[in-house]
Amino acid sequence: CFFEQRRQFDFEFSSIQVQIIPTQGEISVGESKFFLCEVVGDAKDIDWYAPSGEKILPNRPDIFVSRTDETTSSLTIYHANVDSAGIYKCVAKNGNKEAQATVQVKIFQKITFESAPSPQEFNEGDDADIVCDVVSSPPPAIFWKHKGAKIEPLKDVRFRIMSNGHLQIRGIKKTDEGMYNCEARVMARGEIDFRMMKVIVNVLPTIRARQADVNATADIGSSALLACDADGFPEPTVTWALNEDGSELVIKDVKKVDEGDYTCIAKNKAGEKTEEVSLNVFVQPKITYWKNQTASEFDEEVTLTCEASGDPTPVISWSFGNRVFTEGEQASWTRPDKYESLDRNVVVRSHARVSSLTLKNVQFTYAGQYLCTASNSIGQDTKPIYLEVRYAPKILGEVTAYTWEGNPANITCEVEAHPGASLVWFRDGLQLPSANTTNMRIYNTPTISYLEITPDSQNDFGSYNCTATNVMGSESKEFLLIPADVPSSPQIQQVEPFSSTAVVEFEEPDSMGGVPIIKYIVEWRLLGEDVWHKPSLRLPADMASITIMGLKPESTYEVKMSAINGKGKGESSLLTVFKTEPVREPTAPKLEVKAQKGGNSFKVNWIKQDDGGSPIMHYLIRYKAKHVSEWKPEIRIPQGSEYVLLNGLEWNTEYDVYVVAENQQGKSKPGTLSFKTAVQPTTIPDATGGGSGLGTGAIVGILIVVFFLLLVGVDVTCYFLNKCGLLMCIAVNFCGKAGPGAKTKDLEEGKAAFTKDESKEPIVEVRTEEENTPNQGGGGPTEPNETTPLTEPEPAAADPPSTAVDLLPSAAANSVSEGFSTAQSSPASESTALTASASSPAKAAPAKPPPQNSPAAPSGSPKVNPQPDVGPLVDLSDTPNAPPSSSQAAPVSQPVSAPPAKADGPQSTCGSAKAPDSSQGQDLQVAGPTEDAPNAPCTDSSTRQNEYEHFHCICVLLLNLWR
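Remember, predicted model here, so these are calculated numbers, not experimental data.

Colleague: Give a detailed account of the packing of aromatic side chains, specifying residues and quantitative values.
Modeller: The tally for this structure, following the rule as stated, stands at ten aromatic pairs. Ring centres 5.7 Å apart and planes at 15° place the aromatic pair Tyr-557 and Phe-578 in the stacked group. Of this pair, Tyr-557 sits in strand S47 (residues 556–565) while Phe-578 is found in strand S48 (residues 576–579), placing the two residues 21 residues apart along the sequence. With respect to burial, Tyr-557 and Phe-578 carry one shared label: buried. An aromatic cluster is defined as three or more aromatic residues linked by ring pairs; in this entry it consists of Phe-602, Tyr-623, Tyr-655 and Phe-675. We note Lys-560 situated over the ring of Trp-532; from NZ or CZ to the ring centre the distance is 4.5 Å. Of note, Lys-603 hangs over the ring of Tyr-643, and the distance from its end group to the ring centre comes to 4.0 Å.

The structure is reproduced here in structure tokens:
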């Protein structure tokens, strides 16, 4: 048993064993892999053999064999392909001992996308073939997905998966655009891979012209815009058949030659489309020929010609003043400012672009400016053509003139002539003025001659001749100077009586006497009385009635009228008797309204009519907006007032207002009136800086200026009070002098009441600030006395009594929301709060009596004129002026106190040691012992001069800084 085991042991260790790791191999095409051949036992040679049986040599590039050590050899297959597959063998030899092992190498194709481009573009409507070329071994199964969903051709026949794995889409649409997933699977290995591909669907351009026909006007420097809009994908580029790019073609300074058809082209990857745009060029009318003409009166005819160009062909018309003539018209017309007429003497003819205006039987009234107007659908052009007509003089004007002895009168000879005419006056064959006519003068203008005659006797009245002459002929005319007479009597038509007034309606005299009426005289009296009331009235020419006022109720009156002209007073009319009405209620006042500044305030005036024979006590005013039913609370205005102000009204609202006059007999009928307030103005920010508001920049600039002025004011105050600030620094550094109130050189050198020994305290103190005692000037406000005016006199009212209604809401529950004031006091109504201000003479407020301990004004003080030497003021208003106050307040003689010294330096006290005179003994007091005064530094006027120089220097510096 022992020997058997030993024999077996020797056998095992003397044989060779071979093993390949890994025992099998699968390699993907293109990959590399190595195998190890391990030998157990002593082996001299370890060789590898290819599947073809050939020994693999070490120098092959695709298969590399190397022996690592005594017992190991490796086989490396680089970039395997299908030819690399097979059984590889490793053989180990040692003498006659040999062992071998094999390994089967399998080569397979992994999923490989050979062609899967992205993006892939197709035209809309084409059959798209989405390429996805995949190889593997075994061949893969191909699946397609779109928008995350698997494409199933059975559900949508437009989709089809081809045998080569491509995806076909029949009639691809824009909605089919997007990302597609091509997925490959090898079931045997569980291998999967995919590719995402973007599919772009290009859309053939569509193009449309914004305007198929574009109209433009030539020769005016305008531009024509031809525009095409194109759609498609990708965004198409638009070009024109010309050399312009873009969807818009701009033709600047359009000419007629630019007219025609233009083609715009839209192009992208899907193709191109074209569209035509027509440019129609129109030309504004332009008159190219016109000429002024000259003719003589009574010529057979004269023709005016006008030629024009334009497209469309312009229509030419003629006008003279307000009359328009058109082609083919044979017109009859009259010039309203002349005395001649044209009877079918105007003929207009047109041919192509030429028109003519023919005037037959030329009259002098034909002269003037004719307008030739050429017009078409896009404009017009007008040129004036002047027709000059030469004619003999034509004398115009009234042939009669009226005057009286001693009163100068003008006889007017007006002439029309071309060329101009000379005018000569004759009487009885003698040219005027003659040597014997001293009462006549002649005044000439280019077209009028005035003969001024001042009759001395009846011989100066009669006929005068005016003769006008020019190169075309002459004309004479007789003028009559007739003696004027007084007017006849006016005719009283009727009298409409009231209680205290009467309205007299009349007709003007039948004869004016040849000269205008100056005024009328109305005379009336109580029946049976001898005294006539006769005010003379100047009435407008169209006035036909006069109102007599101040009559007694229920009384009988006689009235008559007469007229006065320059010659004198005419006869009176027949007496007319009327009787006034009994005492009754007043007649309704007449109302007028006027908008005030702002737009929502109105002034309502009323004109007093007949008071009914009893004085009017007051006026009652009510108003309301039309859209509401309730009237505002009644306003009672005292008699004598003439208007009321309505304030704070609603914007853009119609209002009704009525005013009733009331006397002891009752109320009148209301005088009514309606008005509308303005639309409320709105404030609009001015973005351009124009308009009435200030812009942001202007406001900021104003704030900066105000801030700068404030700083300057503070600095000036600090300069004069505290001797500090920027101005103080400027004065010291630039002017070379100390500021006002600073210590003088004398004080710095010790000439004041301080010792030169600096180790000691000053032995004498000079007072630099006076102490004011009570009841002295400067110690407090002056107490008023009998000469101190407490208030200024109130000015006299310049306007008639007024009433203001303020539409502001009241806090009181029972008060009216409108407040108003009147010029006279009156009892307040229960529903209205009245604030009356009577227009009585202004009174000065009583002066407060002076206190007992107030010092009286010194007897030696100079007297001051209490009033300035000015003339009296004349009040031109209708209301009485307030009488001036009986006494004018004179200025109070204030006690004189010594001015206090500045804290920073002593002030001048020159002369303070002198004894005060009689006029100052009670008012001037010096604080401190008098013996100390001479020790104070005494400065004269040089201190003020120094301050003036400082201030002048600073002003110059500030002026330069401002510039």
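From this point, the narrative continues.
Colleague: Describe the nonpolar core, and please don't skip the residues or the numbers.
Modeller: Counting 25 residues, the largest nonpolar core has Val-18, Trp-48, Ile-56, Ile-77 and Tyr-88 as its most contacted members. Every element with two or more residues in this core is listed here: strand S1 (17–21), strand S3 (33–40), strand S4 (45–49), strand S5 (63–67), strand S6 (72–77), strand S7 (86–94) and strand S8 (97–108). Among the elements that make up this core, the one with the highest residue count is S8 (five residues). Core analysis: the next-biggest nonpolar cluster, separate from the first, contains 24 residues, Cys-306, Trp-318, Leu-359 and Tyr-391 among them.

Colleague: Before we move on, can you summarise the sheet that holds strand S42 (residues 491–497) with the specific residues and values?
Modeller: An order of S42-S43-S46 is seen for the three strands of this open sheet, with the pairing classed as antiparallel. Each edge of the open sheet carries a strand with a single partner, namely S42 and strand S46 (545–548). Between one strand axis and the next, the sheet turns through 20° on average, direction left out of account. Bridge analysis of S42 against strand S43 (residues 502–507) gives six bridges, and the strand direction is antiparallel.

Colleague: How would you sum up the pattern of salt bridges? Please name residues and give values.
Modeller: Enumeration according to the criterion identifies 23 salt bridges in this entry. Linking Asp-193 and Arg-195 is a salt bridge whose minimum nitrogen-to-oxygen distance equals 3.5 Å. Judged by relative accessible area, which is 34%, Arg-195 ranks as partly exposed. We note a salt bridge from Arg-584 to Asp-610, for which the minimum N-O separation is 3.7 Å. Of this pair, Arg-584 sits in the loop between S48 and strand S49 (590–595) while Asp-610 sits in the loop between strand S50 (602–607) and strand S51 (618–625), and the two are 26 residues apart along the sequence. It is possible to trace a salt-bridge network through shared partners that takes in Lys-145, Glu-183 and Arg-185.

Reading guide: rules and limits
- Residues numbered from 1 in each chain as written.
- Predicted model: local features only at pLDDT ≥ 70, side-chain atom pairs only at ≥ 80, totals over all residues.
- Heavy atoms only, no water.
- Phe/Tyr/Trp six-rings, centres within 6.5 Å; stacked < 30°, edge-to-face > 60°.
- Helix = DSSP H or I, 4+ residues; strand = E, 2+ residues; numbered from the N terminus.
- Buried < 20%, exposed > 50% of the residue type's maximum accessible area, 1.4 Å probe, protein only.
- Lys NZ or Arg CZ within 6 Å of the ring centre and 35° of its normal.
- Core = buried A, V, L, I, M, F, W, Y, C linked by side-chain atoms within 4.5 Å.
- Pairing = 2+ DSSP bridges.
- Axes fitted to C-alpha atoms, helices over the stretch in contact; angles between N-to-C directions.
- Salt bridge = Lys/Arg side-chain N within 4 Å of Asp/Glu carboxyl O.

Just geometry here; none of it tells us what the structure is for.
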